[in-house]
Amino acid sequence: MHLYLERNHISLGIMPMLSLKDKLNPKQYEAVACPPGPLLIFAGAGSGKTRVLTYRIAFMIKQLGINPGEILAVTFTNKAAQEMRERLLKLLDMEYLPLLVLTFHSFGARILREYYEVISYKKNFSIYDEDESIGIIKGICKDLQIEEGGLKPSAIKHYISRAKDEMIDPVEYAESANLHRQKIIGQIYIEYQKRLRLHNGFDFDDLIYWPVKIFDGHPDILQFYRRHFKHLLIDEYQDTSISQYQMVKHLAGEHKSVTVVGDDDQSIYGWRGADITNILNFERDFPGAKVVKLEQNYRSTQNILSAASALIANNLGRKSKALWTSLGEGQRIKVIECSDAESESLSLVEQLTHLRKSEGLKYSDFAVLYRTNAQSRSLEDGFRTSGIPYIIVGGLRFYERMEIKDILAYLKILVNPDDNISTQRIINVPRRGIGDVSIDYIANYSRERNLNLLTGCYHATEGKVDGIPAPKIKEFTKIIDKLSKLIDSGEPLASLLAKIIELSGYEASLVAEATPQSETRLDNIKELVDGAAEFENRTPDATPEQFLEEVALITDMDRRDPNSDAVTMMTLHGAKGLEFPVVFITGLEEGLFPLIRDGQIAPKDLEEERRLMYVGMTRAQRHLYLTHCRYRRHFNRSFFGKASRFLSEIPENTLDDAYVDLKPISNRPKTKLREGRYEFEAEPKRSFAIGADVYHQKFGYGVILGIEGNGENEIVTISFSSVGRKKLMVKMAGLKPA
DNA sequence: GCCGATTATCTTTTT
DNA sequence: GATAATCGGC
Ligand SMILES: Nc1ncnc2c1ncn2[C@@H]1O[C@H](COP(=O)(O)OP(=O)(O)OP(=O)(O)O)[C@@H](O)[C@H]1O
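Being a predicted model, the structure only gives us computed values, none of them experimental.

What counts, and at which threshold
Residues numbered from 1 in each chain as written. Chains lettered and ligands numbered in written order. Predicted model: local features only at pLDDT ≥ 70, side-chain atom pairs only at ≥ 80, totals over all residues. Heavy atoms only, no water. Pairing = 2+ DSSP bridges. Helix = DSSP H or I, 4+ residues; strand = E, 2+ residues; numbered from the N terminus. Axes fitted to C-alpha atoms, helices over the stretch in contact; angles between N-to-C directions. Contact = heavy atoms within 4.5 Å. Near = heavy atom within 4 Å. Polar contact = N/O pair within 3.5 Å; in protein donor to acceptor, adjacent residues only side chain to side chain. Nonpolar A, V, L, I, M, F, W, Y, C, P; charged D, E, K, R; others polar. Domains from an automatic or database assignment. 1 Å grid on protein atoms, 1.4 Å probe; cavity = no way out; pocket = protein on both sides within 12 Å on 5 of 7 lines; lining within 4 Å. Points joined across faces, edges and corners; volume = space filled by probe spheres on them. Core = buried A, V, L, I, M, F, W, Y, C linked by side-chain atoms within 4.5 Å. Buried < 20%, exposed > 50% of the residue type's maximum accessible area, 1.4 Å probe, protein only. Salt bridge = Lys/Arg side-chain N within 4 Å of Asp/Glu carboxyl O. Buried area = accessible area lost by both parts, 1.4 Å probe. Lys, Arg positive; Asp, Glu negative; His and termini not counted. Expected span 1.5 Å × (residues − 1). Patch = residues over 30% accessible without salt bridge, like charges linked within 9 Å, V, L, I, M, F, W, Y side chains within 5 Å. Areas by Shrake-Rupley, 256 points an atom, 1.4 Å probe, with all protein chains shown as cover. Charge placed at Lys NZ, Arg CZ, Asp CG, Glu CD. Parallel < 35°, antiparallel > 145°, perpendicular 65-115°, else oblique. Left-handed = near helix turned anticlockwise from the far one by under 90°. Disulfide = S-S within 2.5 Å. Phe/Tyr/Trp six-rings, centres within 6.5 Å; stacked < 30°, edge-to-face > 60°. Lys NZ or Arg CZ within 6 Å of the ring centre and 35° of its normal.

Trainee: Would you mind going over the sheet that holds strand β6 (residues 231–234) with me for this structure?
Mentor: Pairing between the strands of a sheet is mediated by backbone hydrogen bonds and can be parallel or antiparallel. Taking strand neighbours across the sheet as the criterion, the six strands line up as β3-β2-β6-β7-β1-β8 in an open arrangement whose pairing is parallel. Edge positions in the sheet fall to β3 (100–103) and β8 (290–294), since each has one partner strand and no second. When strand polarity is set aside, the average angle formed by the axes of neighbouring strands in this sheet is 15 degrees. For strand β1 (residues 39–43) and β8, the ladder comprises five bridges, and the chain directions are parallel. Within the sheet, the bridge partner assigned to Ala43 lies in β8 and is Leu294. Against the sheet, helix α5 (residues 78–92) engages β2 (71–75) and β3, with an angle of about 160 degrees to β3. With respect to the sheet, helix α13 (residues 242–252) is in contact with β2, β6 and β7 (257–262), its orientation differing from that of β6 by roughly 155 degrees.

Okay, here's the thing in structure tokens:
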């Protein structure tokens, strides 16, 4: 084997073996270079699984001479796909790679773009997001007069999604339903699938479900894909669902060149249908599979690794994995107790500021992680007031914003007129005097005649729909007419969107509103046009449908700009696969993390929370901080007091005791004035800004953390490198800017 | 019937 | 602390 490779390298003169062996340890190399066939790389955090996967692709292309077009690489997020592609380009020293690196969902969408006909769908289908899917379910509950029996539409959607993950079709689901609740869901599921088809739309789960169905029923199509993609490589295999697994099985076919990498301890998407048995049963599913275990961690120091390993050892029934590092003991983990969320944020600022200076780190070397998106609000406050650059990734996505979805809805119905969901969305946006009652009339009229809603609108302009004054609806159809002409004449995407914004009256209505909110909305829709222009540049012969598809599947994670120096704030889920020199895991309170609803948590859910903690801890390279608060306002009331059980599962000897139980700083009294109906926070003149570096004669250098009082009574909280936190009167302290 | 404004509700994690 | 159901004025 080695001989063969050596010879190849010499004759081809590319990707010298030396560099490959330089960059991989023997185990990793074994995985990278083993001949195509079923291969499982099963290993703990930071052991280089993703790296091995990437190198294996490069190896296949350069050393084995495999045509890149025959390789299909699947990642968990679009961002991960993009990163892997970039790394491959660099490794192979190429500018263009005809190789597919994408998510299961993107891949499924591509299959459907080719073969929508065999499942009786039409061209230019829409892809519905979670909100739109739930909207359809709400409509069904209303129309069918189904008493949901306390089931919320979002809960119903969840059950339907899980069914699709398990490839259970609506009729099957309804027939096997035993409980009353399941029967109701089955009924809704049947109607939901019907309506999706009627609107020529798919939900996220359909993007896997239908391609698998197509493969099930059409051996010829399956054969085509098998011939095309002879080598499959899948990252984060522990978080694949049953439907995704079936897709892999289908595609693997006889050739069975399937490389999967994963770590059962990092499975954190069970709630979304991920099935850990996929990875645990790989050897059974693919007889003769080679298994490579990687044990050296290249990311974290020993303290961090020991702590994470001890924590995850509390889970039962896992496959234990050895993990070691040569990076040394490193710093101990610091636990910080704070009085409330506000002081938690300030503590982060304090630690970050010191560490940045003492270690010469960049802001982008830091990550702040949390369990729920809602926590980002209080966390960002301290950063904002201290002027520390940060970026929140995840949460509300750009393309999920109301104004963006409104504009895109216009584009969607131009592309897919059957998309009643989008028609309904913008028929009266901006307001043109067509209320809910009128829309209902047109909707009923349309349904009775098997027309889509848009066609119904045209009928209404001819006075065919009772109770609808033609002129108002004509205002709407005229806009659609004009836009249709533009799209038919091949108007470029960005200018088409600009026309939508103008002709729909959307822009005018926002300008007229003239509030701070309408201003940002205006900015956002302009950014949308810019984004479309950028998309056109990147993919010159792209169609509007392709743009809509990209927009439907893109994650907000892409917003992390590698060139800007900012602290990253994101959920623990979002941090999967990433690494940072310094990681703060926040909100470690019993109830919040682990997250517990209605006072109870199932053992398997608790284990998933623990895996999430494990994922979070193992993102850290050199410094790990864990914070928790004594009090936290959850939403309306309710506060936690107890520290998370996870903290007690971390061995004492990996913790820095100097920071255990740090005294909480007192709450800054908020000076709030009421004036009319608006609330202002007083912003008096300050001698120093929060975050400023200062010098004190006795205490030395420090950073301003907080400021209270005014003029003569101005008091600053300063964190000094020498003595820690102090409160001083500005008048007396004789502070100098440092 | 439509619209703007006020009240109630509810908040995990995401492709 | 943002969105959805509800209310009262036009
Ligand atoms: N042989 C090696 N030599 C030097 N650095 C390595 C080696 N293998 C991996 N690394 C580095 O270790 C870090 C972790 O690698 P990678 O992200 O591939 O691990 P992983 O197993 O996918 O991690 P996780 O499962 O925790 O996301 C990366 O910074 C990578 O560059």
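This is not the end of the story, as more comes after the structure.
Trainee: How should unusual backbone geometry be read in this particular structure?
Mentor: Phi is mostly negative for residues that are not glycine, and the peptide bonds are mostly trans. A cis amide bond, omega -5 degrees, links Val429 with the succeeding residue Pro430. Along the chain, Phe593 connects to Pro594 via a cis peptide bond; the corresponding omega equals 10 degrees. Along the chain, Pro594 falls in the loop between β15 (580–585) and α28 (603–617). Backbone geometry places Ser120, a non-glycine residue, at a positive phi of 60 degrees.

Trainee: Help me out: how do you make sense of the site of the ligand in this one?
Mentor: Surrounding the ligand, one finds 18 residues, the nearest of these being Gln28, Lys49, Arg51, Glu579 and Arg619. For the ligand, an oxygen atom lies 3.0 Å from a polar atom in the backbone of Gly48. Measuring from an oxygen atom of the ligand, one finds a side-chain N or O atom of Glu579 at 2.5 Å. Counting residues per element, the shell around the ligand draws most heavily on helix α4 (residues 49–62), at three residues. Classifying every residue of the shell around the ligand gives three nonpolar, nine polar and six charged. Residues from two domains meet in the shell around the ligand; each of domain 1 (1–113 + 209–294) and domain 3 (324–395 + 560–654) gives at least three.

Trainee: It is not clear to me how empty space enclosed by the protein should be interpreted in this structure. Could you clarify?
Mentor: A probe matching the size of a water molecule, rolled over the atoms, marks out where space remains unfilled. Applying the stated criterion to the full structure yields four cavities of 30 Å³ or more. As a volume, the largest cavity reaches approximately 220 Å³. The wall of the largest cavity is formed by 16 residues, among which Asp129, Tyr399, Lys412, Val551 and Ala552 lie closest to the centre. Put simply, the parts of the chain that give the lining of the largest cavity at least two residues each are α19 (402–415) and α27 (544–553). In terms of residues, the lining of the largest cavity owes the most to one element, α19, which gives four residues. Broken down by class, the residue content of the lining of the largest cavity amounts to nine nonpolar, one polar and six charged.

Trainee: Can you walk me through the nonpolar core in this structure?
Mentor: Here is a general trend for soluble globular proteins: nonpolar side chains tend to be buried in one another's company. Counting 63 residues, the largest nonpolar core has Leu72, Phe107 and Ile188 as the members making the most contacts within it. A total of seven residues in this core trace back to one element, the largest contributor, which is helix α11 (residues 206–217). Ala409, Ile439, Leu493 and Leu497 belong to the second largest nonpolar core, which has 47 residues in total.

Trainee: Any chance you could explain the pattern of salt bridges here in plain terms?
Mentor: Pairing of side chains with opposite charge becomes possible as their charged atoms draw close. Under the defined criterion, the tally for this structure stands at 41 salt bridges. Arg449 is paired through a salt bridge with Glu448; the nearest N and O atoms lie 3.6 Å apart. Because the salt bridges share partners, they merge into one network encompassing Asp143, Glu191, Lys194, Arg195 and Arg447.

Trainee: What should I look at first to understand the domain arrangement of chain A in this one?
Mentor: A common way to state how big an interface is: give the accessible area lost once the parts meet. Domains assigned within chain A are domain 1 (1–113 + 209–294), domain 2 (128–199), domain 3 (324–395 + 560–654), domain 4 (398–547) and domain 5 (692–737). Placing the centre of domain 1 and that of domain 2 at their C-alpha centroids yields a distance of 34 Å. Listed as interface residues are 11 residues of domain 1 and, on the opposing side, 12 residues of domain 2. Considering only the side of domain 1, the residues that lose the most area to domain 2 are Tyr209, Trp210 and Ile242, jointly responsible for 49% of the buried surface there. For the pair domain 1 and domain 2, the interface holds zero salt bridges. Summed over the shared surface of domain 1 and domain 2, the number is four residue pairs in polar contact (both at pLDDT 80 or more). Within the residue set of the side of domain 1 that touches domain 2, elements represented by two or more residues are α11 and α13. Among the elements that make up the side of domain 1 that touches domain 2, the one with the highest residue count is α11 (four residues). Taken together, the residues that form the side of domain 1 that touches domain 2 break down as five nonpolar, four polar and two charged.

Trainee: Where do I start with the side chain of Asp419 in this structure?
Mentor: In this structure, Asp419 sits in the loop between α19 and α20 (420–426). Of the side chains bearing the opposite charge, Lys412 lies closest to the buried Asp419, which forms no salt bridge; the N-O distance is 4.7 Å.

Trainee: How should I be thinking about helix α7 (residues 130–143) in this particular structure?
Mentor: Since the α-helix turns once every 3.6 residues, residues separated by three or four places project in the same direction. An ideal rise of 1.5 Å per residue puts 20 Å on 14 residues; α7 measures up with 20 Å between its terminal C-alpha atoms. Where α7 is concerned, the buried positions are Glu132, Ser133, Ile134, Ile136, Ile137, Ile140 and Cys141. For α7, the elements touching its buried residues are β4 (126–128), α8 (153–165), α10 (180–198), β5 (201–203), α19 and α20. Between the side-chain oxygen of the N-cap and the backbone nitrogen of Asp131 there are 3.1 Å, and the N-cap of α7 in question is Asp129. One or two steps after α7, the chain reaches Gln145, where phi turns positive at roughly 55 degrees.

Trainee: Is there a simple way to think about a negative patch on the surface in this case?
Mentor: Residues Glu519, Asp523, Glu527 and Asp530 make up a contiguous surface patch of negative charge. Turning to its location among the elements, Glu527 is positioned in helix α26 (residues 516–538). Under the relative-accessibility criterion, Glu527 is labelled partly exposed at 39%.

Trainee: Please explain the packing of α19 against helix α24 (residues 493–503) as it appears in this structure.
Mentor: Describing two packed helices takes the angle between their axes plus the distance from one axis to the other. Orientation of α19 relative to α24, taken along the N-to-C sense of each, is 115 degrees, at an axis distance of 10 Å. Relative to α24, the element α19 is oriented roughly perpendicular. In the crossing of α19 with α24, the sense of the turn from one axis to the other is right-handed. Across the interface between the two elements, Ile407, Tyr410, Leu411 and Leu414 from α19 touch Leu493, Leu496, Leu497, Ile500 and Ile501 from α24.

Trainee: Honestly, the state of the cysteines in this entry has me stumped. Any pointers?
Mentor: In protein structure, a disulfide is the covalent linkage between the sulfur atoms of two cysteines. Within this structure, the stated rule accounts for zero disulfides. Left unpaired, Cys629 is separated from the closest cysteine sulfur, that of Cys338, by 5.0 Å.

Trainee: I'm lost on the packing of aromatic side chains in this one. Help?
Mentor: Aromatic rings considered in pairs are described by the distance between their centres and by the relative angle of their planes. By the definition in use, this model includes 21 aromatic pairs. When the centroid spacing of 5.1 Å and the interplanar angle of 85 degrees are considered together, the rings of Phe398 and Tyr399 count as edge-to-face. We classify Phe398 as buried; its relative accessible area is 6%. These aromatic residues form a ring-pair network of at least three members: Phe107, Tyr115, Phe215, Phe224, Tyr225 and Phe229. Its end group placed over the ring of Phe125, Arg113 keeps NZ or CZ at 3.8 Å from the ring centre. Positioned above the aromatic ring of Tyr363, the side-chain terminus of Arg356 is 4.1 Å from the ring centre.

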